[in-house]
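As a plain string of letters, each chain reads:
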Amino acid sequence: MLSVLEVKRKLPRDFIKEIYEIYSPLVCDKILAGLNGERNVSMRVNAIKTNVQEIMKVLKENNIKFERVMWYKDGLILKNSNEKQINALKIYEEGLIYLQSLSSMIPPLVLEPKEGEKILDLTAAPGGKTTEIAALMNNNGYILANEIDKIRCERLKYNVEKQGASIIKINNGKGEKLGEDHKEEFDRVLLDAPCSGEGTFLANGPKTYTSWSLRTVNELAKLQKKLIKSAYEALKPNGTMIYSTCTINLEEDEKIVDWAIKNLNLRVIDINLNIEEKNKLPITTENMDKSINKTIKIMPSRNMEGFYIAKLQKIERRGE
């Protein structure tokens, strides 16, 4: 394991400067500790095909140690196994499980999809969240899963089929244009936005951060505003939208939500998910709407990637 000082030296200098401008030195040290070493493998039990008791039985038979996730009955953290070992198991081959980071399981849970609803996943590949939504709906309803990249779209199709999520229709197109074609059509929208991925950095994995730059952060923030506007247009009045990223800066997180509630007819609503405070980062609302305090940011750690989640509601205009 590297020291915090060694982690600082490895990660981009502008990123280090950025987090120390946002958070206290103590919090920054915790962030850097969370970006050190490898993360535990985590999985989601595919409730469309099986249940957590059956999967736990298989894991025990294979001497795989695991831990339950207190805020999600279908989430498991593996303690002595890697992805390659899990990929060799029959439960993986048959789509009974999905390897997924714990943090990325949160947005679908917070979305709270219901059976029979129409759901839009605006930037869906590779499909972990999309198929989780289908499972939460008991595979009953309709999900439009959009992905702009053709290769990633093929991966999305593969995962959807493997998971048996038959209510998902896949669309290969620009997410920022989709709202125009599906005005106020969906009960709920998930926008897990393309982002700079700071929450997924690993100090010993240069591939996780070599493409990062402040310029990229600013370019992504412009795209995120276009996507959130499209998501808003596609959402029914009183409908719920989740905006999430796997990054931890203000430009792509709090400031996007602040822009959205000031420029679109949206309000921030409470997130009812029992995640321990030690796993959260402080929310910043300086010069921003104070309701943004209702959003949550996950601290990068051994078990979780850094992540941001905001729950928004489209306000129904009177007289419409």
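Position numbers for residues count from 1 along each chain, tracking the sequence in the order it is written. Reporting of local features is limited, given that this is a predicted model, to residues whose pLDDT is at least 70; pairs of side-chain atoms are given and counted only at 80 or more, and all residues count toward the totals for whole chains, interfaces and linings. Hydrogen atoms and water are omitted, and side-chain values are computed over all heavy atoms in the structure.

Participant: Requested: an account of the pattern of salt bridges, with residues and values cited.
Facilitator: In a structure, side chains of opposite charge can pair up when their charged atoms sit close to one another. Only one rule defines a salt bridge in this text: a Lys or Arg side-chain nitrogen within 4 Å of an Asp or Glu carboxyl oxygen. Evaluation of the coordinates by the stated rule reveals 19 salt bridges. In this structure, Glu 154 engages Lys 157 in a salt bridge whose closest nitrogen and oxygen atoms are separated by 3.4 Å. Of this pair, Glu 154 and Lys 157 both sit in helix α9 (residues 150-163), separated by three residues, roughly a single helical turn. A salt bridge links Glu 219 to Arg 215; the nearest nitrogen and oxygen atoms lie 3.3 Å apart. Of this pair, Glu 219 and Arg 215 both sit in helix α11 (residues 214-234), four residues apart, which is roughly one turn of the helix. Taking the relative accessible area as the measure of exposure, Glu 219 reaches 43% and is therefore partly exposed. Only protein chains enter the accessibility calculation, which uses a 1.4 Å probe. A residue is then buried if its area is under 20% of the maximum for its type, exposed if over 50%, and partly exposed in between. Taking the relative accessible area as the measure of exposure, Arg 215 reaches 65% and is therefore exposed. Via salt bridges that share partners, Asp 253, Glu 254 and Lys 297 belong to a single interconnected network. Numbered from the N terminus, helices here are DSSP runs of H or I no shorter than four residues, and strands are runs of E no shorter than two.

Participant: Quick rundown of a positive patch on the surface? Include the residues and the values.
Facilitator: Patch criteria: residues need more than 30% relative accessible area and no salt bridge. Like-charged residues are merged within 9 Å; nonpolar side chains of Val, Leu, Ile, Met, Phe, Trp and Tyr are merged within 5 Å. Accessible surface area values rest on a Shrake-Rupley calculation with a 1.4 Å probe, where residue burial reflects the displayed protein chains alone. Neither His nor the chain termini are counted; the positive set is Lys and Arg, and the negative set is Asp and Glu. In this description, the location of a charge corresponds to atom NZ of lysine, CZ of arginine, CG of aspartate or CD of glutamate. On the surface, a cluster of positive charge is contributed by Lys 174, Lys 177, Lys 222 and Lys 226. Here Lys 174 lies in the loop between β7 (168-172) and α10 (175-181). Among the residues examined, Lys 174 registers a relative accessible area of 46% and is labelled partly exposed.

Participant: Please give an account of the sheet that holds strand β2 (residues 66-69) that cites residues and values.
Facilitator: With antiparallel pairing, the four strands of this open sheet are ordered in space as β2-β3-β1-β4. Looking at the sheet topology across the chains shown, the edges are occupied by β2 and β4 (97-99). The sheet shows a mean angle of 30° between the axes of neighbouring strands, taken without regard to direction. Bridge count between strand β1 (residues 42-45) and strand β3 (residues 72-78): three bridges; the pairing is antiparallel. When the sheet's bridge partners are listed, Met 43 is paired in β3 with Leu 76. Together, β1, β3 and β4 form the strand contacts of helix α8 (residues 128-136), whose direction differs from that of β1 by roughly 35°. For two strands to be treated as a pair, DSSP must find at least two bridges joining them. Angles run from 0 to 180 degrees between N-to-C directions of axes, and those axes are lines fitted to C-alpha atoms, restricted for helices to the stretch in contact. Residues are treated as being in contact if the distance between any of their heavy atoms lies within 4.5 Å.

Participant: Which residues make up the side chain of Thr 245, and what values do they have?
Facilitator: You can see Thr 245 is positioned in strand β9 (residues 235-245). A polar contact is formed between the side chain of Thr 245 and the backbone nitrogen of Thr 247, at a distance of 3.3 Å. Leave out the neighbours within four places in its chain, and Thr 245 touches Asp 192, Ala 193, Cys 195, Glu 252, Asp 253, Phe 307 and Tyr 308. Any pair of nitrogen or oxygen atoms within 3.5 Å is treated as a polar contact; in protein, a donor-acceptor pairing is required on top of that, and neighbouring residues in sequence qualify only through side-chain atoms on both sides.

Any link to function would need more than the numbers given here.
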